[in-house]
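Given next are the chains, with one letter for each unit.
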Amino acid sequence: MPTETVYGLAADASNADAVAKIYTAKGRPNFNPLIVHVADIEMAQRCGAFDDLSLRLAETFWPGPLTLIVPLRPEAGIASAVTAGLDTIALRQPVGVLADLARELGNGIAAPSANSSGRISATSAQHVRDDLGDKVDLMIDGGDCAVGVESTIVKVVDGAISVLRAGGVSHEQLSAFAPVADATSNATIESPGQLLAHYAPRVPLRMNAKELADTEAQLAFGASPLQGGGMTLNLSATGDLDEAAHNLFAMMKALDDTGTDSIAVQPIPERGIGVAINDRLRRAAHGSRREGDDG
């Protein structure tokens, strides 16, 4: 079903059998937790314990593309597979139908991105059909997603905001509330989107390209695409980062589907939602490396 970020593969977060089907359909490792989508802050507080700063962030950015990691309330009845056995839970109030369905259900809905694990996220119902096919029972077609990259995931640590995954809410927006830092890497996966190999096309992808090989497709940005190569798609000819985020996964998939040998991406500024775009591209580049690649 659609959200404002990407399409999600949804199950009642309290139903262990339904949640297990998410992992099966995606081929997702069971140590990778899921986001629980809620109807409102009150439902979120029944699932997790909010400190003052986390509550202020929810009140400011919900409904919207911000996920908060907070301590799990054991009495919430959340299936253990949702949190991958952790004592924290990832919560978000989305815009649109997923929040409406959570309200009707009276319970949170677990919903990772509706794509095979590690592959390009789906921003249209057709992308879901192309990837998952008959692995899901029902698809709700809500058109193209507005934001186009997943939510920002944060956790409040000692009064500061630790960003576990960059996304639709920028560091600059968060810094109005408290100091912001990227989470330090550790062996524990605390939230979705922390795996290094993620969002990957089937062919190699390289970033910050300054020239093109003859058979290479191009994901351009700005008014001066590189010359040569094969097919070119431009994330934003005007250099608009919001437009680039909206187009990112759809254009990656379109180039991947051409049968090109590889995809070259022009540099994307590391500011605003450009941080999230570059995060996805770095993970896609890592996940798309073929055995023996040293790039």
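To keep things clear, this report deals only with the structure shown in the data block. (Residues numbered from 1 in each chain as written. Predicted model: local features only at pLDDT ≥ 70, side-chain atom pairs only at ≥ 80, totals over all residues. Heavy atoms only, no water.)

## Side note on helix α3 (residues 52-61)
Within α3, burial applies to L53, S54, L57, A58 and F61. For α3, the arc enclosing every buried residue in end-on projection is 140 degrees, short of the 170-degree limit, so these residues lie on one face. The outward face of α3, more than 90 degrees from its buried face, is lined by the exposed residues D52 and E59. Where α3 begins, the side chain of D51 points an oxygen toward the backbone nitrogen of L53, at a separation of 3.0 Å. (Buried < 20%, exposed > 50% of the residue type's maximum accessible area, 1.4 Å probe, protein only. Helix = DSSP H or I, 4+ residues; strand = E, 2+ residues; numbered from the N terminus. Arc of directions from axis to C-beta. Polar contact = N/O pair within 3.5 Å; in protein donor to acceptor, adjacent residues only side chain to side chain.)

## What about the environment of N15?
With respect to the element layout, N15 can be found in the loop between β1 (11-12) and α1 (16-26). Taking relative accessible area as the criterion, N15 reaches 33% and is therefore assigned partly exposed. Along the backbone, N15 and F31 are 16 residues apart, and their C-alpha atoms lie at a distance of 18 Å. One polar contact links the side chain of N15 to the main-chain amide nitrogen of D17, over a distance of 3.1 Å. At a separation of 3.0 Å, a polar atom in the side chain of N15 contacts the main-chain amide nitrogen of A18.

## What about the packing of aromatic side chains?
A full pass over the atoms with the stated rule returns two aromatic pairs. Aromatic pair F50 and W62: ring centres 6.2 Å apart, planes at 80 degrees, arrangement edge-to-face. Of the two residues, F50 is situated in the loop between α2 (41-47) and α3 and W62 in the loop between α3 and β3 (66-71); the sequence distance between them amounts to 12 residues. For the pair F50 and W62, one class covers both residues: buried. (Phe/Tyr/Trp six-rings, centres within 6.5 Å; stacked < 30°, edge-to-face > 60°.)

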